[in-house]
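Each chain, letter by letter, is given below.
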Amino acid sequence: NGQHSQSSKLSATKQKGTFGRPRNASPPLPSKPHHVISSIPCQASEYLLSRRLLLPTCVVPSAILVVPAVSTFALSSLAYIVGVSDGLLSITTCSLITLAATWGITKVGKSIISRHAPNKEAEMKALRQSFVALPFWSMVICLLVMKVTLSMLDIWSGGSTADSRGWMSWSVGIGSNSMFWSVKVATMCVRPACAWLLLSLSIRWRYSGWFCPIVRCSGVPLRANPFDATLQKVGRNFTSKERFLDAIAEGLDRLSAPSSSKIPDSIPTDKLPFSGFGTDTKPTQIAATMQQRAVPGGPLYGSRNPRYSRPGILAVLVQALISAVIGMLFAVVFVAPLLDSSDDVAVWILNITCTLAPILELFANGINESELHFEHYSSLLDGSGSFVFQMMRDVGHRMKRSVFGLRTLTLILASVIVTTIDRPAIATITHASSTSIAVMLAMVSGMAVQDVLTRWCLCAPGLDGDVLLFNILGGPAGNTKKTKFLTEDLIIQGILSDGATVDQVIKSSTVSRHGGYQEDEIARNKIACATYANWIQESSTVASGKLSDDILRMCLLESLGGGGPSSSADGPSFGGERQSAAIRKRLGLSAASGASGTQPFIVPIVRCLCAFSGGLGDSMTVLFRTVDENGTPLRQTRTSELWKLPPGSLDAAKYAIKAAARIAVMNSTLVDGKRGPKRDELLSLQLPCVLQSAFKLRCGLHVYAKAVARLQDVSLSNDQDVGEFIHSKCPEILVAVEACDESARMAKKTILRSGDRSSEAIFGWKGDMKSYLAEL
């Protein structure tokens, strides 16, 4: 994986001259390595996003159109049996009475079975046997009683029975009558279904489409929006005398400093330990593909569509325009037919309401929650909470934020009424205002429900990378030898998105100048983490991809075993049943497909996870540091005011480090009393890398906590104060720190249990790393 075929090497050798160059050619000019990755992960992410957006976009409009029609068909059939076929209200009332009586008789029958059963086993057996028979005969009895009662009292008429015309005519009658009422109800539901479809489309275009989507799930730190950063900086400069003097000093420093386009606070890899490792990297591909997509690695500036911590002004304006158009169409499709066209004031007011309500909802919810909290929604769908309760809580949270918009719209409507009418009547004002507020509440509630459904569908857990790749490439016939692309390629490229880091993790292990294979893996992980940290600082704003890339990364990290419950004191935990099965599957496929003397497919995946989590920690250590290399405090504008940490990055870091630890530990641990696939020694060498990345990530989280504390004017003097601050003020950081400790503890116990060498002899780490290992 990641190596050229032998035929390519032979053909290239034939074309070379005596000194390794093509004949009659000038010496090649020196050039930088050009790292490329395949376009298949991009196609897979677009496919995954479109499939997950299809369900929430169409499910509610389809339910509005289908469920009432099917229910009416069933109710009218029951009513026709008892002799009622005239009037939708009569049909509904008669059918509901019949169903209520059936439910009551069924409950009584079950209680009689429970009371007279000799034991629990006999009771369960009787209930299983009567699961279908008891409701069926209860409904038959209710239908007979209803028919006799209605015939004696002659309350309703118009029903048909199997008279002299025969059962065939009666069957045709019940079918035609039920179809008539169901079609009539379906026709009545067309307008509400179209109105909800408009609302769902307005929500969908926030996630994907041609109209500047604003929702993301960023897995790495992002630069602050320049507009927000400026406002925040100006506001903080006047909160205290010290900040005001710092702002003046910073302005003077900028005036006196020479201009430079170099990106500040970068991590030069040539100044890191073991920096010579991998610097002579040649252009590499993780798989031979027909199309290749280069990953940009240039500076942050100059991008036409950069990604910041909050959406840009252009995307917000485009989304506001879309919301206004959707609101006007909603007024035309759903609201206007319900109004009296002669009341021009009410029509005018409601048109303004329908136009402004989606815009206010966009600013209240869409922009404030432009970053998805993947863990919140995926854990709910994974069976850790009540669906209805969480649904109502999330919708209520969005409605609460829309109260300000409701007040604003009320003031706008009052101003319009006063200015458009010379002497408005109290009845006119009351009617127009109450109707407009009701319409706005309906629109905001519908958009809140649709937004919550969309987020849950996007963050659904349990992605199978093998199935996804099969759907993209069309199976073995599409994934030919020429375009061979493995699931491991999809995982690595989908998570990292950086060709240089991918190049580091896929190379085979060698005995380098650092020592043996173990030292080579540790040095490789350090370089890979530094490379990915550099990519985060220099290219994440312009090369972090779209929402489809974010969702693919998060789903892959979660499906590799990063989710599920944490470890207990009894022993290592590999998450839930689904996470443990996913890890065993990857280990089994790697053991079955690996040839003797070749690198197992699972090893680059663990390297990828360690590089992602460790690189994220290295980047946070630099981006959010509060002191420079000499210990001098930095101004706040160089830390958390310039960079933000989205909630998705904390989730991604937690998933990555836990998945790496669980895969490496399961390789050396008995699961359910049985050892899994044959233990791979090369994979066992990744355990120290897990410890290294966990420590890097934990250090980065502590630095970020210090930056947050500094913004809140909280002084933290030592690591104990940082830990207490995280426990009391930063629960989201606490979860990630606990994931680091859990992963490091699992890896350390596995290494010590192996009995080969002590942890200090294996790692050779000193200082803070040694103290951290001793505290685990």
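Residues numbered from 1 in each chain as written. Predicted model: local features only at pLDDT ≥ 70, side-chain atom pairs only at ≥ 80, totals over all residues. Heavy atoms only, no water.

Topic: helix α29 (residues 768-775)
Of the positions making up α29, those classed as buried are M769, Y772 and L773. Mapping the buried residues of α29 onto a view down its axis gives an arc of 100°, with all of them on the same face. Opposite the buried face of α29, at more than 90 degrees from it, the exposed residues are D768, A774 and E775. (Buried < 20%, exposed > 50% of the residue type's maximum accessible area, 1.4 Å probe, protein only. Helix = DSSP H or I, 4+ residues; strand = E, 2+ residues; numbered from the N terminus. Arc of directions from axis to C-beta.)

Quick notes on helix α5 (residues 133-153)
For α5, with 21 residues, the first-to-last C-alpha span of 30 Å sits near the 30 Å given by 1.5 Å per residue. Among the residues of α5, L134, S138, C142, L143, M146 and L150 are the ones counted as buried. Projected down its long axis, α5 shows its buried positions confined to an angular sector of 160°, all on one face. Away from its buried face by more than 90 degrees, α5 exposes W137, L144, S151 and M152. On its buried face, α5 sits against α2 (40-82) and α3 (88-116). (Expected span 1.5 Å × (residues − 1). Contact = heavy atoms within 4.5 Å.)

A few points about the pattern of salt bridges
Under the definition given, this model contains 21 salt bridges. Here D451 and R398 are joined by a salt bridge, their closest N and O atoms 3.4 Å apart. Placement of the pair is D451 in helix α15 (residues 426-458) and R398 in helix α13 (residues 387-401), with a sequence separation of 53 residues. With relative accessibility at 2%, the residue R398 sits in the buried group. The closest approach of N and O atoms between D618 and K696, which form a salt bridge, is 3.4 Å. Of this pair, D618 sits in helix α22 (residues 602-623) while K696 sits in helix α25 (residues 687-711), and the two are 78 residues apart along the sequence. Just as D618 is buried, K696 falls in that class too. Salt bridges sharing partners connect three or more residues here, namely E369, R398, R401, D451 and R455. (Salt bridge = Lys/Arg side-chain N within 4 Å of Asp/Glu carboxyl O.)

A short note on the packing of α3 against α5
Packed helix pairs are characterised by how far apart their axes lie and by the angle those axes make with each other. Interhelical geometry of α3 versus α5 gives an angle of 135° and a closest axis separation of 8 Å. As judged from the angle between their axes, α3 and α5 are oblique. You can see that α3 and α5 cross each other, and the crossing is right-handed. Side by side, α3 and α5 meet where C94, I97, T98, L99, A101, T102, I105, T106, G109 and K110 of the first sit next to L134, P135, S138, M139, C142, L143, M146 and L150 of the second. A per-class count over the contact of α3 with α5 returns 12 nonpolar, five polar and one charged. (Axes fitted to C-alpha atoms, helices over the stretch in contact; angles between N-to-C directions. Parallel < 35°, antiparallel > 145°, perpendicular 65-115°, else oblique. Left-handed = near helix turned anticlockwise from the far one by under 90°. Nonpolar A, V, L, I, M, F, W, Y, C, P; charged D, E, K, R; others polar.)

A closer look at unusual backbone geometry
Located in the positive-phi region is S497, a residue other than glycine, with phi close to 60°. Residue position: S497 is located in the loop between α17 (487-496) and α18 (499-506).

Quick look at the packing of aromatic side chains
Considering all chains together, one arrives at eight aromatic pairs under this definition. With centroids separated by 5.2 Å and ring planes inclined at 75°, the aromatic side chains of F136 and W137 adopt a geometry described as edge-to-face. By relative accessible area, F136 is classed as partly exposed at 48%. Its relative accessible area of 53% is what places W137 among the exposed residues. Geometrically, the ring pair formed by F695 and Y772 is tilted, given 5.6 Å between the ring centres and 40° between the ring planes. In this pair, F695 is assigned in helix α25 and Y772 in helix α29, connecting sequence segments 77 residues apart. Pairwise contacts between aromatic rings join Y532, W535 and F612 into one cluster. (Phe/Tyr/Trp six-rings, centres within 6.5 Å; stacked < 30°, edge-to-face > 60°.)

Section: the nonpolar core
Generally speaking, soluble globular proteins have nonpolar side chains that are buried together. Ranked by size, the top nonpolar core spans 137 residues in total, and within it I495, L609, F624 and L701 carry the most contacts. At 14 residues, α25 tops the list of elements feeding residues into this core. Each residue touching L609, except ones within four places of it in the same chain, is listed here: I495, L557, L560, A656, A659, A660 and I663. Core analysis: the next-biggest nonpolar cluster, separate from the first, contains 10 residues, L78, V82, L150 and W181 among them. (Core = buried A, V, L, I, M, F, W, Y, C linked by side-chain atoms within 4.5 Å.)

Focus on a nonpolar patch on the surface
The grouping of L65, V66, V70 and V190 at the surface amounts to a nonpolar patch, some 300 Å² of accessible area in total. Of note, V190 is situated in helix α7 (residues 190-204). (Patch = residues over 30% accessible without salt bridge, like charges linked within 9 Å, V, L, I, M, F, W, Y side chains within 5 Å. Areas by Shrake-Rupley, 256 points an atom, 1.4 Å probe, with all protein chains shown as cover.)

Focus on the environment of L53
Summarising the element assignment, L53 is placed in helix α2. Beyond its immediate chain neighbours, meaning those up to four positions away, L53 contacts R204, Y207, S208, T454 and L458.

Quick look at the packing of α3 against helix α4 (residues 120-129)
Contact geometry for α3 and α4: axes closest at 8 Å, N-to-C directions at 155°. On the basis of the axis angle, α3 is roughly antiparallel to α4. Seen along the crossing, α3 lies across α4 with a hand that is right-handed. Together, K110, I113 and S114 of α3 and E123, A126 and L127 of α4 make up the contact between the two elements. Among the residues forming the contact of α3 with α4, the class breakdown is three nonpolar, one polar and two charged.

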